[in-house]
Amino acid sequence: MRKTILAAAAALLLLAGASGDASAADKLKVGFIYLGPVGDLGWTYQHELARQALVKEFGDKIETTFLENVPEGPDAERAIEQLVRAGNKLIFTTSFGYMDPTLKVAKKYPNVHFEHCSGYKRDKNMSTYSARWYQGRYIQGQIAAKMSKSGVLGYIGSFPIPEVVSGINATMLGALSVNPNMKVKIIWVNSWFDPGKEADAAKALLDQGADIITQHTDSPAPMQIVSERGKFAFGQDSEMIKFGPKAQLTSILDTWAPYYIARVKAEMDGTWKESDVWGGLDTKMFEMAPYTNMPDDVKKFAEDTQAALTSGKLQPFKCPVVGQDGKDVECKGGDHLADEQVLSMNYYIKGIDDKLPGK
Amino acid sequence: MELVEAIILSVLAASTPLLIAATGELVTERSGVLNLGVEGMMIMGAACGFGAAWLSGSIIVGAIGGMIAGTLMSLIFALMTLGLAVNQVATGLALTILGIGLSGLIGAGFVGERIAPAPHLTIPGLTGIPLVGRIVFGEDAFVYLSLALVVAVWWFLYRTRAGLILRACGDNHVSAHALGYPVLRIRLYAVMFGGACAGLAGAYLPLAYTPFFIPGMTAGRGWIALALTVFASWLPGRLVIGAYLFGAVTILQLHAQALGLGVPSQFMSSLPYLATVIVLVLLSRTRSGGSTAPAALGTVFVPDR
């Protein structure tokens, strides 16, 4: 009697599993790994907006899943594998720290395609994509130099990785091109998202004399503090103007939707290939939020710079780039630094009076 | 001098949630219950407190909402550990995870909203005194409340009979029960008080510190409050020192970075925790190597019928 029941149960399970597979074959399953909560109104929020755009574009033809608040590190591997085992065929891992876990899982599952954001390791089934945010930072640096009364820029950094360091350098190159005496104060909060600590960092920078704040962290906390104190700041990843209607000058807006739609389309057509996309303003991988709270001449200046960057006429890392030691950095890209040099930048330029942690 | 004043103000604000949560946990642990769910209760307090404040337009309603949320979470904890005699450590951890998830669910509807932060006290004439004016007379209500709370808890534990009985439950619940005291009921009240304090501490973050709600905004402060309770050897006076020490190191390391002192930021980030561990080691050396924890902390009590 028991054996019959067990056999029937096993048969039912197999049937359910088989029928589950059959219906899954019709829809493409796309998975997302998010670093923070979708409500962070910053980095993860923009990825989530793009995912929603995917759903709108493809409707019934795809089924998306996302896992949020996945910490970077060994646990990420488990989360990515979970998505693979749930049948997702295209998986987007949206943070630098997922690089090694994604690579590990990619090697284990050669039939699943992975898209890793803002990293530099690839494989036959693992692509990378990122945006040339340093272009936006250059514009922000110029605006900061024009708007600052104290001549000190406050920078809230997350981790001292090349992406953040090149952002600081690009910002200062922009600022120094307008005001050669511009100074910067940098605080590392060692987290991508910690509203309390980011608020403390903003307060500390403002207390020490900075009057323009820019951040490479993901919460709107600094914008709020800046707004309370009547100073100016740049938002990060998404529009933070709600938290600082009179404080936000502009923001770098991540716009992932066009890229995501293109990749999902390729996956559905069977034309997905490993690639490395590093899009700038010209490819619309990111945009600048409207220039607000600044005089018209500063706005025009920023718009002109943006146009020059988009057309390629202006290069933020135009050679010669002078390092902190006073020596020119070897120029491998013609008249500007090559991509690999920007991607592996681990030094400050001349004009930044601070030591890079870990050097 | 202005910088010193600004730093002290930041330190007071940063230490207040730690102080409130740790005070509640101190009372809970003194009664013999180890409540590891402080982080979950704090973040529930943050979500519900912000929601209540935003819906009602009043900070006080928000604070009460946060306290109620924390108390309700602690009631779940009390039901499990006191009513069903479940292991306290496991239950506390489960409640933390529950709180973090549930707060994200509840708070999802409030993300992106802003409220006016809790007002700061202004006494004409006194608040204007350079250096000390704003520190002593210009704080928001939560800061004053936290200090009053610590004094009240100290007075309760060491100057009232009820406090003595509560400490007895924590040191030897079997004897307390033999003497006829309702151990489980006393522990229930202590757990509820701890939950209310955790909820209030959590509510402080979106009501006064960063006036918006984002899932995960407590960022581990509940765990720090737990550590502070041990750090303080379960004495309210030491708790104040510990909370402000931790807050001070946290804020000072940010200022040190901004000043360009050149010390690696990762080391600076670890300084608050390092300072806590060092002080703990120093403290345990002066206590003849023994622990000063309430002797019955964490042990489940089932009254024999």
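Asks: In this structure, what is going on with the packing of helix α3 (residues 74–85) of chain A against helix α4 (residues 99–108) of chain A? I would like to understand it.
Replies: Residues and elements named next belong to chain A. With their axes 9 Å apart at the nearest point, α3 and α4 run at an angle of 40° to one another. Here α4 runs oblique to α3, going by the angle between their axes. Judged by the sense of rotation from one axis to the other, the crossing of α3 with α4 is right-handed. Counted together, A76, E77, I80, E81 and V84 of α3 and P101, T102, K104 and V105 of α4 form the full contact between these two elements.

Asks: Is there a simple way to explain the interface of chain A and chain B in this structure?
Replies: Bring the parts together and some accessible area is lost; that lost area is often taken as the interface size. At the interface, 32 residues of chain A touch 32 residues of chain B. Those elements that place two or more of their residues in the side of chain A that touches chain B are β7 (183–188), α7 (195–207) and α8 (221–229) of chain A. Counting residues per element, the side of chain A that touches chain B draws most heavily on α7(A), which supplies 9 residues.

Asks: Whenever I open this one, the domain arrangement of chain A confuses me. Can you help?
Replies: Residues and elements named next belong to chain A. Domain parsing of chain A yields domain 1 (27–131) and domain 2 (133–253 + 290–314). Just the C-alpha atoms count here: the centres of domain 1 and domain 2 sit 28 Å apart. Taken together, the contact pairs 11 residues of domain 1 with 11 residues of domain 2. Of the residues forming the side of domain 1 that touches domain 2, the biggest block, 3 residues, is contributed by helix α2 (residues 43–58). Its residues assigned to classes, the side of domain 1 that touches domain 2 shows 6 nonpolar, 4 polar and 1 charged.

Asks: I keep staring at the environment of A:A202 and nothing clicks. Help me out?
Replies: Residue and element names in this part refer to chain A. Examined against the element boundaries, A202 turns out to sit in helix α7. Judged by the 29 C-beta atoms lying within 10 Å of it, A202 falls in the buried class. Separated by 22 residues in the primary sequence, A202 and Q224 have C-alpha atoms spaced 9.4 Å apart. For A202, the residues in contact, after removing those within four places along its chain, are I156, I213, A221, P222, I225 and V226.

Asks: Can you walk me through the sheet that holds strand β9 (residues 232–237) of chain A in this structure?
Replies: Hydrogen bonds between backbone atoms are what pair the strands of a sheet, whose relative direction is either parallel or antiparallel. Residue and element names in this part refer to chain A. Taken in spatial order, the 6 strands line up as β7-β6-β8-β9-β10-β12 in an open sheet, and their pairing is mixed. Every interior strand has two partners, whereas the edge strands, β7 and β12 (286–288), have only one. Within this sheet the neighbouring strands show an average axis-to-axis angle of 15°, counted without direction. As paired elements, strand β8 (residues 212–215) and β9 share 2 bridges and run parallel to each other. Looking at the pairing, I213 lines up with A233 of β9. Across the face of the sheet, α8 comes into contact with β6 (152–157), β8, β9 and β10 (248–254) while running at roughly 165° to β9.

Asks: Explain the packing of α7(A) against helix α11 (residues 236–258) of chain B to me, please; I cannot follow it from the model alone.
Replies: Think of two packed helices as two axes; the pair is described by the angle between the axes and how far apart they sit. Relative orientation of the contacting elements α7(A) and α11(B) amounts to 50°, with a least axis distance of 9 Å. Of the possible angle classes, the one that applies to α7(A) and α11(B) is oblique. In terms of crossing hand, the pair formed by α7(A) and α11(B) is right-handed. For the pair α7(A) and α11(B), contact is made by A:D200, A:A201, A:A204 and A:L205 and by B:I251, B:L254, B:H255 and B:A258, respectively. Residues of the contact of α7(A) with α11(B), tallied by class, amount to 6 nonpolar, 1 polar and 1 charged.

What counts as what
Residues numbered from 1 in each chain as written. Chains lettered and ligands numbered in written order. Predicted model: local features only at pLDDT ≥ 70, side-chain atom pairs only at ≥ 80, totals over all residues. Axes fitted to C-alpha atoms, helices over the stretch in contact; angles between N-to-C directions. Helix = DSSP H or I, 4+ residues; strand = E, 2+ residues; numbered from the N terminus. Parallel < 35°, antiparallel > 145°, perpendicular 65-115°, else oblique. Left-handed = near helix turned anticlockwise from the far one by under 90°. Contact = placed C-beta atoms within 7 Å. Domains from an automatic or database assignment. Nonpolar A, V, L, I, M, F, W, Y, C, P; charged D, E, K, R; others polar. Buried ≥ 20, exposed ≤ 12 C-beta atoms within 10 Å, placed from the backbone. Pairing = 2+ DSSP bridges.

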